Amino acid sequence: MTYVVQTCVLSKRWKNLWTNTPILNFDYNMFSLAISNNRYFGLPSHYFIKFVYQVFILRDNSNIQKVNLVCGVEKNFFTDMSAMTASLTTWIVAAVRRNIQELYLDVSAVEISRFPQCLFICTSLIKLELKLGGNSSIIVLPTSMDLPRLTFMKLDSLPSTNVNLTNKIFFKCPILESLIIEGHLGHTDLQIYSSTLKHLTIVDFVSKTSSKVKIVAPNLVSFKCRDFIPKCYVVENLASLVTADIYMTATKDEAGKIKGYKKNLWLLLSALSNVKELRLSKMFLCISSVCMMPSFYFG
């Protein structure tokens, strides 16, 4: 946005071009650095909020293709949480009204509890990435969700008070093709049902509990998993799977209970029996050989 505004001084005809640029990139980290270099007085967060507001207020009604919004890396750098939450709601609503197609939202430095409902019923949204970074303990999701055009979704540390609503997100994306889940999701069990999903990545090196992840995706082509062995993966109907990359490990405390996870490992390996290319971590191979090989050969 800074470069777009700077080009306006080159010609009078370009004066208002910045008001309809299709890609908006708001990064607090870069903004605060610019503020400090210019020796502004006051908190950079106040200038950041004001700047983003001005961009949306002065913008014309043309559609927005993409919005990148990074609200910083330092936890609690906003002094007024209610003001920041209200600001986020206003910006998201403004983007949805302009038929946004791609949204990347990093609020890892903000303890936010809810997003506006319009975000989860946006008919123009194709790509959605939400990053909370674990600072929020509760996220209240709307009961009504429908993302008919969403093909790519990435969720990073998205805890919810309602497990059913969290699982409902995937069900309400009828043409979802790529899904990435990173960080602790804050609930016991995760269920992913999708007949259109082709690429799935799950990375969770935060939650060490023995929860369950159930995946039913008959058209899945690639599956990547980075997790702890105590978690139980129940994967069904993977006839279309081409590649699988499984990196599962265990802590020292879990090492003495490895044999208790025999069933979990066997369920996962059995589900991957039709895969054409399989990559397994050393820890997974070592544990599986100790737990499964005797019963496999001697029945």
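Residues numbered from 1 in each chain as written. Predicted model: local features only at pLDDT ≥ 70, side-chain atom pairs only at ≥ 80, totals over all residues. Heavy atoms only, no water.

K.L.:
Describe the nonpolar core, and please don't skip the residues or the numbers.
P.N.:
Of all hydrophobic cores here, the largest spans 75 residues; its most connected members are Phe115, Met153, Phe223 and Tyr233. It is helix 4 (residues 81-97) that contributes the most residues to this core, seven residues altogether. The contact partners of Tyr233, leaving out residues within four places of it in the chain, are Ile202, Val213, Ile215, Phe223, Cys225, Asp227, Met248, Leu267 and Leu268. (Core = buried A, V, L, I, M, F, W, Y, C linked by side-chain atoms within 4.5 Å. Buried < 20%, exposed > 50% of the residue type's maximum accessible area, 1.4 Å probe, protein only. Helix = DSSP H or I, 4+ residues; strand = E, 2+ residues; numbered from the N terminus. Contact = heavy atoms within 4.5 Å.)

K.L.:
Provide a residue-level description of the side chain of Asp106, including the pertinent values.
P.N.:
Its place among the elements puts Asp106 in strand 3 (residues 102-106). Lys131 is the oppositely charged side chain nearest to the buried, salt-bridge-free Asp106, at an N-O distance of 4.3 Å. (Lys, Arg positive; Asp, Glu negative; His and termini not counted. Salt bridge = Lys/Arg side-chain N within 4 Å of Asp/Glu carboxyl O.)

K.L.:
Please give an account of a nonpolar patch on the surface that cites residues and values.
P.N.:
Taken together, the side chains of Val9, Leu10, Trp14 and Leu17 make up a nonpolar region of the molecular surface, amounting to roughly 440 Å² of accessible area. Looking at the secondary structure, you find Val9 in the loop between helix 1 (2-7) and strand 1 (23-27). (Patch = residues over 30% accessible without salt bridge, like charges linked within 9 Å, V, L, I, M, F, W, Y side chains within 5 Å. Areas by Shrake-Rupley, 256 points an atom, 1.4 Å probe, with all protein chains shown as cover.)

K.L.:
With reference to specific residues and values, describe the confidence of the model for the protein chain.
P.N.:
Residue-level pLDDT values for the protein chain average 81, and 78% of them are 70 or greater. Strand 3 holds the highest mean pLDDT among the elements of the protein chain, 95, whereas helix 8 (residues 282-298) holds the lowest, 58. When the criterion is pLDDT under 50, residues 293-299 qualifies, and its contacts beyond four places in sequence or with other chains add up to five contacts. (pLDDT = per-residue confidence, 0-100.)

K.L.:
I'd like a rundown of the sheet that holds strand 6 (residues 178-182), residues and numbers included.
P.N.:
The strands making up a sheet are joined through hydrogen bonds of the backbone, oriented either antiparallel or parallel. Ordered in space as 1-2-3-4-5-6-8-10-12-13, the 10 strands form an open sheet in which the pairing is parallel. Looking at which strands have only one partner, the edges of the open sheet turn out to be strand 1 and strand 13 (277-280). Ignoring strand direction, the axes of neighbouring strands in this sheet form an average angle of 5 degrees. Two strands pair when backbone bridges link them, and strand 2 (residues 66-70) and strand 3 are joined in this way by five bridges, in the parallel orientation. Looking at strand 3, one finds that Val70 is bridged to Asp106. (Pairing = 2+ DSSP bridges. Axes fitted to C-alpha atoms, helices over the stretch in contact; angles between N-to-C directions.)

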